[in-house]
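# Examining the three-dimensional arrangement
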Amino acid sequence: MGYVIAVAGKGGTGKTTISAFIIDWLAKELKGTILASDADPNSNLADALGLKEGETIVGILEGIANSTDTVPAGMTKERYIDLKVQESLVETPRFDLLVMGRPEGPGCYCYANNVLRGIIEKLEKNYDYIVMDNEAGMEHLSRRTRRKIDLLLLVSDATVVGIRSAKRILDLANELEIEITKSTLLVNRSILDVAPIKNEAKKLGLDLLEILPEDPRINELKIENKSVLGLTQDAELRTLLAEALKKRCPVAKKIVH
Ligand SMILES: Nc1ncnc2c1ncn2[C@@H]1O[C@H](COP(=O)(O)OP(=O)(O)OP(=O)(O)O)[C@@H](O)[C@H]1O
Ligand SMILES: [Mg+2]
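Structural notes, computed from the coordinates.

## Comments concerning the site of ligand 1
Taken together, 16 residues surround ligand 1, and among them Lys15, Thr16, Thr17, Arg189 and Asp215 come closest. Take threonine 16: an N or O atom from its side chain is 2.8 Å from an oxygen atom of ligand 1. Separating a nitrogen atom of ligand 1 from a backbone N or O atom of proline 213 is a distance of 3.0 Å. With the chains in place, 81% of the 630 Å² that ligand 1 exposes on its own is no longer accessible. Put simply, ligand 1 lies in the largest pocket. At the level of secondary structure, the elements contributing two or more residues to the shell around ligand 1 comprise helix H1 (15–29), strand E7 (179–190) and helix H9 (216–223). Ranked by the residues each element gives to the shell around ligand 1, the list is headed by H1, at 3 residues. When the residues that make up the shell around ligand 1 are grouped by side-chain class, the tally is 3 nonpolar, 8 polar and 5 charged.

Structure, rendered in structure tokens:
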């Protein structure tokens, strides 16, 4: 079973940006296969990685459920779903990307979620690392059958309120009875004095992994519709993140091959 890194946090704090940097770092620095998993097509992990996203898993399931896509004769529905899921993976030499999509509407919710669970479980077995870019809510995490996350990264903006919301997300994950081996806080887009933030994290009992700076070049890349991976490797944001992962998170020790 692969090493699962889940990136969670409130809306717009930098989950997708940070996920992209982590995936790129894992792919460059460590041996092992990587599955990048995008919970929500609106979160645009594909864009952040500079890829065109494939069909979403939910889209595939819905197509089959409402018969806009028919299972070929002589094939079971399960086998057909497996094939379509494999086809929908965006494969690169360094990692694969899975775009999950979100089940819409109360009717299909249970069915789609149950099928999704099975698919995620089956797929994750094939990879050494799974990096999940979560949506702002925790639905993505609650969808998992294997309720284990090796590393939960709580991304927050550089405000006291942001830190409190990271703590609420951690509490929620615990309420969902997800087994978390390590959880840690990543403060992002910091420009000002960080003392109040450090104090709040300490008060709430959150482990603070790193404080990452605001980097205006990220916005420039976005304006030009370029991947955030265009940010040079020596950018402080990237080196701080890489060093923190290397030193403080047991990621590198988990390689299977
Ligand atoms: N360190 C940073 N410096 C400058 N801009 C940043 C930084 N981190 C993220 N951003 C910008 O902040 C915005 C939000 O980032 P991102 O999309 O990664 O957040 P998110 O948490 O994934 O959002 P959502 O909850 O909508 O999925 C983006 O425009 C991104 O380019
Ligand atoms: Mg996002």
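## Some words on the pattern of salt bridges
For the coordinates displayed, the defined rule picks out 18 salt bridges. The partner of aspartate 24 in a salt bridge is arginine 94, and the shortest N-O contact between them spans 2.6 Å. Of this pair, aspartate 24 sits in helix H1 while arginine 94 sits in the loop between strand E3 (90–91) and strand E4 (96–99), placing them 70 residues apart in sequence. A residue is classified by how much of its surface remains accessible, and aspartate 24, at 3% relative accessible area, is buried. Exposure remark for arginine 94: the relative accessible area of 34% places this residue in the partly exposed category. Across the pair glutamate 200 and arginine 164 runs a salt bridge whose closest N-O atoms are separated by 2.9 Å. Within this pair, whereas glutamate 200 is found in helix H8 (residues 195–203), its partner arginine 164 is found in helix H7 (residues 160–175), the two being separated by 36 residues in sequence. Among the residues examined, glutamate 200 registers a relative accessible area of 7% and is labelled buried. One connected set of salt bridges, linked through shared partners, spans Asp24, Lys28, Arg94 and Arg238.

## Looking at the environment of isoleucine 163
Structurally, the position occupied by isoleucine 163 is in helix H7. Sequence spacing of isoleucine 163 and leucine 185 is 22 residues, and the spatial spacing of their C-alpha atoms is 8.3 Å. Leaving out residues up to four positions away in the same chain, isoleucine 163 has contacts with Ser156, Asp157, Leu185, Val187, Ile197, Glu200, Ala201, Leu204 and Leu206.

## Let's talk about the packing of H7 against H8
At a minimum axis distance of 9 Å, the contact between H7 and H8 shows a crossing angle of 25°. Judged by the angle between their axes, H7 and H8 are roughly parallel. In this structure, H7 crosses over H8, and the sense of that crossing is right-handed. Side by side, H7 and H8 meet where Val160, Ile163 and Arg164 of the first sit next to Pro196, Ile197, Glu200 and Ala201 of the second. Partitioned by chemical class, the residues of the contact of H7 with H8 number 5 nonpolar, no polar and 2 charged.

## Comments concerning the nonpolar core
Ranked by internal contacts, the top residues of the largest apolar core, which has 42 residues, are Ile5, Ile22, Leu26 and Val251. Sort the elements by how many residues they give to this core and H1 lands first, with 8 residues. Contact partners of isoleucine 5, with chain neighbours within four places excluded, come to Ile22, Leu26, Ile130, Val131, Met132, Leu151, Leu153 and Val251. Leu35, Ile81, Leu116 and Val187 belong to the second-largest nonpolar core, a separate cluster that totals 40 residues.

## What about the packing of aromatic side chains?
Within this structure, the stated rule accounts for 1 aromatic pair. For the pair tyrosine 3 and tyrosine 129, a centre-to-centre distance of 6.2 Å together with 75° between the ring planes defines the contact as edge-to-face. Here tyrosine 3, found in strand E1 (residues 3–9), pairs with tyrosine 129, found in strand E5 (residues 129–133); they are 126 residues apart in sequence, far enough to count as distant. With a relative accessible area of 3%, tyrosine 3 lands in the buried category. Given the relative accessible area of 0%, tyrosine 129 is considered buried.

Cut-offs used in this document
Residues numbered from 1 in each chain as written. Chains lettered and ligands numbered in written order. Predicted model: local features only at pLDDT ≥ 70, side-chain atom pairs only at ≥ 80, totals over all residues. Heavy atoms only, no water. Near = heavy atom within 4 Å. Polar contact = N/O pair within 3.5 Å; in protein donor to acceptor, adjacent residues only side chain to side chain. Areas by Shrake-Rupley, 256 points an atom, 1.4 Å probe, with all protein chains shown as cover. 1 Å grid on protein atoms, 1.4 Å probe; cavity = no way out; pocket = protein on both sides within 12 Å on 5 of 7 lines; lining within 4 Å. Sits in = over half its atoms within 2 Å of the grid points. Helix = DSSP H or I, 4+ residues; strand = E, 2+ residues; numbered from the N terminus. Nonpolar A, V, L, I, M, F, W, Y, C, P; charged D, E, K, R; others polar. Salt bridge = Lys/Arg side-chain N within 4 Å of Asp/Glu carboxyl O. Buried < 20%, exposed > 50% of the residue type's maximum accessible area, 1.4 Å probe, protein only. Contact = heavy atoms within 4.5 Å. Axes fitted to C-alpha atoms, helices over the stretch in contact; angles between N-to-C directions. Parallel < 35°, antiparallel > 145°, perpendicular 65-115°, else oblique. Left-handed = near helix turned anticlockwise from the far one by under 90°. Core = buried A, V, L, I, M, F, W, Y, C linked by side-chain atoms within 4.5 Å. Phe/Tyr/Trp six-rings, centres within 6.5 Å; stacked < 30°, edge-to-face > 60°.

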